[in-house]
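Residues per chain are reported as follows:
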Amino acid sequence: MAALEIVRIPVLSDNYVWLVHEPESGATMAVDPAVAEPVLAAAETRGWTITDIWNTHWHPDHTGGNAAIKEAAKAWGGCTITGPAAEYERIPTLDVQVRDGDRVRLGNHVADVWDVPAHTAGHIAYHFADAFADGGAIFVGDTLFAMGCGRLFEGTADQMYANMRRLAALDDATRVYCAHEYTLSNARFAVTVEPGNAALAARLAAVEAARAAGVATVPTSIGEERATNPFLRAGSAAELGRIRALKDAA
Ligand code: ZN
Ligand code: FE
């Protein structure tokens, strides 16, 4: 099976939309299109047509481009919008509602849907166990970030801790596609939580250099996050909640 081709599209101030192409079938999917125009342009440049949109949660910076992409897709046979069943009332453009345990197909590749509530009450993630020859990929929206996690807008530290445990159990090689470039701010905070973590100190230095050069720092990987992410490394829900409260106040 051919590997997925994944393109990062920076939009708004710090969002990433992911364009995912399955070369054998030609299917192309946009994850969390905040806006439509740059996503349509990125597909067109490559000769791809967007056949699917997958949303992780209802926030407008993840769904704002749904309607315009769907309208444009009428020119090539349409586009199916898949998203969280628990948030269907807040995503009026949804065609297909999914929940934990469901499987979603992109051509010859299949993703498992995970419920990861906490940032929003119905937030989901999409896990392709066989995205690449050497490992999987997971699209986590605003649940896990490089050295960070999403704010607890509609859920609890207990829920986010359960999400972190499930993510941490994936193979180290799994690539993590999050929806924002929050890495530098997260790294600067993370070193205050774990001042003795040498891997974290080294990563902060690398991220500072990358951002100074205008280079993106995601996708990340489960292995990198297991070594440097204080939220993924928290030993209890209470500890995660305490760290999250400190970050919110920072
Ligand atoms: Zn969000
Ligand atoms: Fe967001």
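This write-up is about the structure you can find in this document. (Residues numbered from 1 in each chain as written. Chains lettered and ligands numbered in written order. Predicted model: local features only at pLDDT ≥ 70, side-chain atom pairs only at ≥ 80, totals over all residues. Heavy atoms only, no water.)

## Topic: the coordination of the zinc ion (ligand 1)
Looking at the zinc ion (ligand 1), one finds its protein donor set to be His 57 (NE2), His 59 (ND1), His 119 (NE2) and Asp 142 (OD), positioned 2.2 to 2.3 Å from the metal centre. As a motif over one chain, the donors of the zinc ion (ligand 1) read H-x1-H-x59-H-x22-D. A spacing of 3.1 Å is found between the zinc ion (ligand 1) and the iron ion (ligand 2), which share Asp 142 as a donor. With His 57 in the loop between β4 (52-54) and α2 (60-63) and Asp 142 in the loop between β10 (135-141) and β11 (144-145), this residue pair connects regions lying 85 residues apart in the sequence. Accessibility expressed as a relative area gives 0% for His 57, which makes it buried. Residue classification places Asp 142 among the buried positions, given a relative accessible area of 3%. (Donors = N, O, S within 2.8 Å, 3.2 Å for Na, K, Ca; no water. Helix = DSSP H or I, 4+ residues; strand = E, 2+ residues; numbered from the N terminus. Buried < 20%, exposed > 50% of the residue type's maximum accessible area, 1.4 Å probe, protein only.)

## Some thoughts on the packing of aromatic side chains
Here the distance between the centres and the angle between the planes together describe a pair of aromatic rings. Inspection of the entire model under this criterion finds eight aromatic pairs. Judged by centre distance (5.9 Å) and plane angle (50 degrees), the rings of Tyr 16 and Trp 18 are tilted. Ring centres of Trp 54 and Phe 128 lie 5.6 Å apart, and the angle between their planes is 15 degrees; this geometry places the pair in the stacked category. With Trp 54 in strand β4 and Phe 128 in strand β9 (residues 124-132), the pair connects residues that are 74 residues apart, well separated along the chain. Just as Trp 54 is buried, Phe 128 falls in that class too. Through a chain of ring-to-ring contacts, three or more aromatic side chains come together here, namely Tyr 16, Trp 18, Trp 54, Tyr 126, Phe 128, Phe 139 and Tyr 177. (Phe/Tyr/Trp six-rings, centres within 6.5 Å; stacked < 30°, edge-to-face > 60°.)

## Overview of empty space enclosed by the protein
Counted under the stated rule, the structure contains one cavity of 30 Å³ or more. Along the walls of the largest cavity sit Tyr 16, Trp 18, Val 31, Asp 32, Thr 56, Val 140, Gly 141, Tyr 177, Cys 178 and Ala 179, which together make up its complete lining. Going through the elements one at a time, β2 (15-22), β10 and β13 (175-178) are the ones with two or more residues in the lining of the largest cavity. Residues of the lining of the largest cavity, tallied by class, amount to seven nonpolar, two polar and one charged. (1 Å grid on protein atoms, 1.4 Å probe; cavity = no way out; pocket = protein on both sides within 12 Å on 5 of 7 lines; lining within 4 Å. Points joined across faces, edges and corners; volume = space filled by probe spheres on them. Nonpolar A, V, L, I, M, F, W, Y, C, P; charged D, E, K, R; others polar.)

## Let's talk about the sheet that holds β13
In space, the six strands of this open sheet follow the order β7-β8-β9-β10-β13-β14, with mixed pairing throughout. Edge strands, defined here as strands with exactly one partner in the open sheet, are β7 (103-106) and β14 (220-221). Sheet topology places β9 next to β10; four bridges connect them, and they run antiparallel. Along β10, the bridge assignment pairs Phe 132 with Gly 135. In the packing of helix α4 (residues 157-168) onto the sheet, contacts are made with β8 (109-115) and β10, and the angle to β8 comes to roughly 150 degrees. (Pairing = 2+ DSSP bridges. Contact = heavy atoms within 4.5 Å. Axes fitted to C-alpha atoms, helices over the stretch in contact; angles between N-to-C directions.)

## Details of the coordination of the iron ion (ligand 2)
Coordination of the iron ion (ligand 2) by the protein is provided by Asp 61 (OD), His 62 (NE2), Asp 142 (OD) and His 180 (NE2), with metal-donor distances spanning 2.1 to 2.4 Å. Mapped onto the sequence, the donors of the iron ion (ligand 2) take the spacing D-H-x79-D-x37-H.

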